Structure formats: structure tokens, C-alpha cells
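Chains, contacts and geometry: an overview
Chain by chain, the residues run as shown.
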Amino acid sequence: LDIFLLVVMCAFMSSMMMLIFAKRVKAYEKAAIYGDEGLEKAGVSPTTLAGVFSFVFLLIIIFALLKLVNETLVCAVVTCILLFTYMLKITLSE
């Protein structure tokens, strides 16, 4: 049951991250038109976002391999909540 829950949460996180990454790339392409000033106002760069997500995903995998069930699930749930909140923020701010 825990493995199934973790797989579902990781799939949800990955799909949300792909959507967020696509929105950030579009925002950076628009901001690049205005030069350096536009890029400063565009927010977090897609590369930084992908790096942070990769680190958190790697951390979840390490926790799972070490059989730290509660820590893995808590980390996955917190990441899902943060990604969902960030997705709402970038969707509603446009």
C-alpha cells in the first residue's frame, strides 16, 4: 500500500513539475524579448527549478531505498503541496 501511494504521488509530482516547467520556459521566452530587465522580473529560472526538483526527487528515492517509509511519504506529501501551491500561484498571477 505504501509503495502504491508513493508511486501515485511521484507520478503526480512529475506531471505537475512538467506543467510548471513548461510555463516557466514560456515566461522566460517572453521575458527574453525585453532583455536583461525582463529576465530579472521573470522569477525563478527553469534550470534552477529543474535542479531543485531533481534534488528533491533524488532525496525521495534515497529515503525509499533506505526503507524510511514515514520520512519518504512526508517528503513526498510536502513536495506535492508545495508544487500545487506554486502551480496555483503562477496560474493565477498571469
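Residues numbered from 1 in each chain as written. Predicted model: local features only at pLDDT ≥ 70, side-chain atom pairs only at ≥ 80, totals over all residues. Heavy atoms only, no water.

Applying the stated criterion across every chain yields a total of one aromatic pair. For the pair Phe 53 and Phe 57, a centre-to-centre distance of 5.4 Å together with 35 degrees between the ring planes defines the contact as tilted. Of this pair, Phe 53 and Phe 57 both sit in helix α3 (residues 46-65), four residues apart, which is roughly one turn of that helix. Overall, Phe 53 belongs to the buried group, its relative accessible area being 16%. (Phe/Tyr/Trp six-rings, centres within 6.5 Å; stacked < 30°, edge-to-face > 60°. Helix = DSSP H or I, 4+ residues; strand = E, 2+ residues; numbered from the N terminus. Buried < 20%, exposed > 50% of the residue type's maximum accessible area, 1.4 Å probe, protein only.)

A cluster of nonpolar side chains, Phe 12, Phe 84, Leu 88 and Leu 92, forms an exposed patch at the surface whose accessible area comes to about 420 Å². The element best represented in the nonpolar patch is helix α4 (residues 69-92), accounting for three residues. Position of Leu 92 among the secondary structure elements: in helix α4. (Patch = residues over 30% accessible without salt bridge, like charges linked within 9 Å, V, L, I, M, F, W, Y side chains within 5 Å. Areas by Shrake-Rupley, 256 points an atom, 1.4 Å probe, with all protein chains shown as cover. Salt bridge = Lys/Arg side-chain N within 4 Å of Asp/Glu carboxyl O.)

Another point: the nonpolar core. The biggest cluster of nonpolar side chains holds 19 residues, and the ones touching the most others in it are Leu 6, Met 13, Ile 20, Ile 60 and Leu 83. Within the residue set of this core, elements represented by two or more residues are α1 (2-33), α3 and α4. Among the elements that make up this core, the one with the highest residue count is α4 (eight residues). (Core = buried A, V, L, I, M, F, W, Y, C linked by side-chain atoms within 4.5 Å.)

Before going further, it helps to spend a moment on the packing of α1 against α4. One way to put it is that α1 packs onto α4 with a least axis distance of 9 Å and a crossing angle of 25 degrees. Taken together, the axes of α1 and α4 lie roughly parallel to each other. In the crossing of α1 with α4, the sense of the turn from one axis to the other is left-handed. Within the contact of α1 with α4, the residues separate by chemical class into 19 nonpolar, three polar and three charged. (Axes fitted to C-alpha atoms, helices over the stretch in contact; angles between N-to-C directions. Parallel < 35°, antiparallel > 145°, perpendicular 65-115°, else oblique. Left-handed = near helix turned anticlockwise from the far one by under 90°. Nonpolar A, V, L, I, M, F, W, Y, C, P; charged D, E, K, R; others polar.)

Before going further, it helps to spend a moment on α3. The terminal C-alpha atoms of α3, which comprises 20 residues, lie 28 Å apart, in line with the 28 Å expected from a rise of 1.5 Å per residue. Along α3, the residues that are buried comprise Pro 46, Leu 49, Phe 53, Val 56 and Ile 60. The buried residues of α3 occupy an angular sector of 100 degrees when projected down its axis, which confines them to one face. In this structure, α3 carries Thr 47, Phe 55 and Leu 65 as exposed residues pointing more than 90 degrees from its buried face. Those residues of α3 that are buried lie in contact with α1 and α4. Directly beyond the C-terminal end of α3, a positive phi value near 60 degrees is found at Lys 67. (Expected span 1.5 Å × (residues − 1). Arc of directions from axis to C-beta. Contact = heavy atoms within 4.5 Å.)

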